[in-house]
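Listed below, chain by chain, are the residues.
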Amino acid sequence: MTAESKTIKEKIYEALKNAKTPLSPKQIAQITGLNYNTVRARLHDLRKENKASRLPEGWVAN
């Protein structure tokens, strides 16, 4: 799979998986180059799919 064919959710999930610490939506937007509001919406989708969790410190991959 090439980077161009990754979905927005895949990019966000990958950023969470590669992070050593929980990330804020703002940090994820900076890492991925995606729009902040798009990141926030997709994070909630990932949480519904049980692929991400929100902690007090930020978001992490499950």
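Residues numbered from 1 in each chain as written. Predicted model: local features only at pLDDT ≥ 70, side-chain atom pairs only at ≥ 80, totals over all residues. Heavy atoms only, no water.

**Q** Which residues make up the packing of helix α1 (residues 8-18) against helix α3 (residues 36-48), and what values do they have?
**A** The axes of two packed helices give the description: the angle between them and the distance between them. For the pair α1 and α3, the least separation of the axes is 10 Å and the interaxial angle reads 80°. Between α1 and α3, the angle falls in the class roughly perpendicular. Two secondary-structure elements touch here, α1 through Ile-8, Lys-9, Ile-12, Tyr-13 and Leu-16 and α3 through Thr-38, Val-39, Arg-42, Leu-43, Asp-45 and Leu-46. Here the contact of α1 with α3 is composed, by residue class, of 7 nonpolar, 1 polar and 3 charged. (Axes fitted to C-alpha atoms, helices over the stretch in contact; angles between N-to-C directions. Helix = DSSP H or I, 4+ residues; strand = E, 2+ residues; numbered from the N terminus. Parallel < 35°, antiparallel > 145°, perpendicular 65-115°, else oblique. Contact = heavy atoms within 4.5 Å. Nonpolar A, V, L, I, M, F, W, Y, C, P; charged D, E, K, R; others polar.)

**Q** An account of a positive patch on the surface is needed here, citing residue identities and associated values.
**A** Judged by side-chain charge, Arg-40, Arg-47, Lys-48 and Arg-54 come together as a positively charged surface patch. At 3 residues, the largest contribution of residues to the positive patch is made by α3. With respect to the secondary-structure elements, Lys-48 resides in helix α3. (Patch = residues over 30% accessible without salt bridge, like charges linked within 9 Å, V, L, I, M, F, W, Y side chains within 5 Å. Areas by Shrake-Rupley, 256 points an atom, 1.4 Å probe, with all protein chains shown as cover. Salt bridge = Lys/Arg side-chain N within 4 Å of Asp/Glu carboxyl O. Lys, Arg positive; Asp, Glu negative; His and termini not counted. Charge placed at Lys NZ, Arg CZ, Asp CG, Glu CD.)

**Q** Which residues make up the pairing of strand β1 (residues 52-55), and what are the values?
**A** Note that β1 and strand β2 (residues 58-61) share 4 bridges and pair antiparallel. Note that in β2 the partner of Ser-53 across the bridge is Val-60. With antiparallel pairing between neighbouring strands as the criterion, β1 and β2 make up a hairpin whose turn holds 2 residues. (Pairing = 2+ DSSP bridges.)

**Q** Residues and numbers for the pattern of salt bridges, please.
**A** Taken as a whole and judged by the stated rule, the model has 4 salt bridges. Of the charged contacts, one joins Glu-14 and Lys-6 as a salt bridge, the two residues approaching to 2.7 Å between their closest N and O atoms. Judged by relative accessible area, Lys-6 falls into the partly exposed class, the value being 22%. Its salt-bridge partner being Glu-49, residue Lys-51 comes within 3.9 Å of it at the nearest N-O pair. Sharing partners across several salt bridges, the network here consists of Lys-9, Glu-49 and Lys-51. (Buried < 20%, exposed > 50% of the residue type's maximum accessible area, 1.4 Å probe, protein only.)

Note that all results are geometric; they support no functional claim without further evidence.
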